[in-house]
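Residue-level listing of the chains:
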Amino acid sequence: LNQGMPVNAERNFRKAVDLEGPGGPASEYLTQVLVQTQRGHEVPPLWKSAVDRQPKNGDVRARYAMALLHTGQPDAAEKVFEEALVESEDTLPVKRFFAPFLVQKKDLDRAMDFYEDCIDAQPTDIQLLMEYAQTLKEAERDFEIPAVLQNVLACNPDPDTRAQTMAWLIGLEQP
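Residues numbered from 1 in each chain as written. Predicted model: local features only at pLDDT ≥ 70, side-chain atom pairs only at ≥ 80, totals over all residues. Heavy atoms only, no water.

Asks: How should I be thinking about the packing of aromatic side chains in this particular structure?
Replies: Any pair of aromatic rings gets described here by the distance separating the centres and the angle formed by the planes. Under the definition given, this model contains 6 aromatic pairs. With centroids separated by 5.5 Å and ring planes inclined at 20 degrees, the aromatic side chains of Phe13 and Tyr29 adopt a geometry described as stacked. In this pair, Phe13 is assigned in helix H1 (residues 6-20) and Tyr29 in helix H2 (residues 25-36), connecting sequence segments 16 residues apart. Residue Phe13 is classed as partly exposed on the basis of its relative accessible area of 24%. Chaining the aromatic ring pairs together yields one cluster made of Phe81, Phe98, Phe101 and Phe114. (Phe/Tyr/Trp six-rings, centres within 6.5 Å; stacked < 30°, edge-to-face > 60°. Helix = DSSP H or I, 4+ residues; strand = E, 2+ residues; numbered from the N terminus. Buried < 20%, exposed > 50% of the residue type's maximum accessible area, 1.4 Å probe, protein only.)

Here it is in structure tokens:
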């Protein structure tokens, strides 16, 4: 794909999906190829077949919901997220993908609960911590943000993220 041969890339990833089954790493790469070649409408059926094969897999269900969301079907995506929370063995990936969707819908309390569950499992995920801090800001809970920003800084982020985090933290602590 990077060499300008999307047809070859797609063919190879489809073979890989056939060998490993839908829902594996090749499915994610095939998704990227389809989106980059303006065929994003083919992505939801790809992930739906993975859900049919692995109905208890929370990661596969979350990716199916995201595919629906990216193809302009937010109601269907929300339904898949809700079902995945009930029917999946591991709901952590579902919560990770569902939380930003809930923030957009302004269901901030539920989104923060999901973010907190994800942070408990992955306390050094810088992107997750930053999303949580943004959600706290949107929920007007500025008094909780400094602790989250301190956790980001403790994770040794890249220089740009570190600078932005420090600036935000200073702005909150020393207005």
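That covers the picture; the talk isn't over yet.
Asks: Would you take a moment to explain the state of the cysteines for this structure?
Replies: Here a disulfide denotes a covalent bond joining the sulfur atom of one cysteine to the sulfur atom of another. This structure, assessed with the given rule, holds 0 disulfides. With no disulfide of its own, Cys155 lies closest to Cys118 among cysteine sulfurs, the gap being 15 Å. (Disulfide = S-S within 2.5 Å.)

Asks: Teacher, can you tell me more about the packing of helix H8 (residues 126-138) against helix H9 (residues 145-154) here?
Replies: A pair of packed helices is captured by two measures, namely the crossing angle of their axes and the spacing between those axes. Remark: H8 packs on H9, axes separated minimally by 9 Å, with the N-to-C direction vectors making an angle of 165 degrees. One element, H8, and the other, H9, form an angle in the roughly antiparallel class. Crossing of H8 against H9: the hand is left-handed. Here H8 contributes Ile126, Leu129, Met130, Tyr132, Ala133, Leu136 and Lys137 to the contact with H9, which in turn contributes Ile145, Val148, Leu149, Asn151 and Val152. Taken together, the residues of the contact of H8 with H9 break down into 10 nonpolar, 1 polar and 1 charged. (Axes fitted to C-alpha atoms, helices over the stretch in contact; angles between N-to-C directions. Parallel < 35°, antiparallel > 145°, perpendicular 65-115°, else oblique. Left-handed = near helix turned anticlockwise from the far one by under 90°. Contact = heavy atoms within 4.5 Å. Nonpolar A, V, L, I, M, F, W, Y, C, P; charged D, E, K, R; others polar.)

Asks: Please explain unusual backbone geometry as it appears in this structure.
Replies: Keep in mind that most residues, glycine aside, have a negative phi and that most peptide bonds are trans. Even without a glycine there, the phi angle at Lys106 is positive, about 70 degrees. The topology assignment puts Lys106 in the loop between helix H6 (92-104) and helix H7 (108-121). Residue Lys106 is classed as exposed on the basis of its relative accessible area of 57%. Even without being glycine, Asn156 reaches a positive phi, approximately 55 degrees. Along the chain, the position of Asn156 falls in the loop between H9 and helix H10 (159-173). Residue Asn156 is classed as exposed on the basis of its relative accessible area of 63%.

Asks: Help me understand the packing of H6 against H7, please; the structure alone is not making it clear to me.
Replies: Axis separation between H6 and H7 bottoms out at 8 Å; the angle between their running directions is 145 degrees. The two elements H6 and H7 cross, and the hand of that crossing is left-handed. Contact residues: H6 offers Leu92, Lys95, Arg96, Phe98, Ala99, Pro100, Leu102 and Val103, while H7 offers Leu108, Arg110, Ala111, Phe114, Tyr115, Asp117, Cys118 and Ala121. Broken down by class, the residue content of the contact of H6 with H7 amounts to 12 nonpolar, no polar and 4 charged.

Asks: When you look at helix H4 (residues 58-70) in this model, what are you seeing that I'm missing?
Replies: Along an α-helix, a turn takes 3.6 residues, which lines up residues three or four apart on a common side. In this model, H4 (13 residues) spans 18 Å end to end at C-alpha, consistent with the 18 Å of a helix rising 1.5 Å per residue. Among all positions of H4, only Gly58, Val60, Arg61, Ala62, Tyr64, Ala65, Met66, Ala67 and Leu68 are buried. For H4, the secondary structure elements touched by its buried residues are helix H3 (43-53), helix H5 (74-87) and H6. A distance of 2.9 Å separates the backbone nitrogen of Asp59 from a side-chain oxygen at the start of H4, and that oxygen is part of Asn57. Remark: Gly72 follows H4 within two positions and exhibits a positive phi of approximately 80 degrees. (Expected span 1.5 Å × (residues − 1). Polar contact = N/O pair within 3.5 Å; in protein donor to acceptor, adjacent residues only side chain to side chain.)

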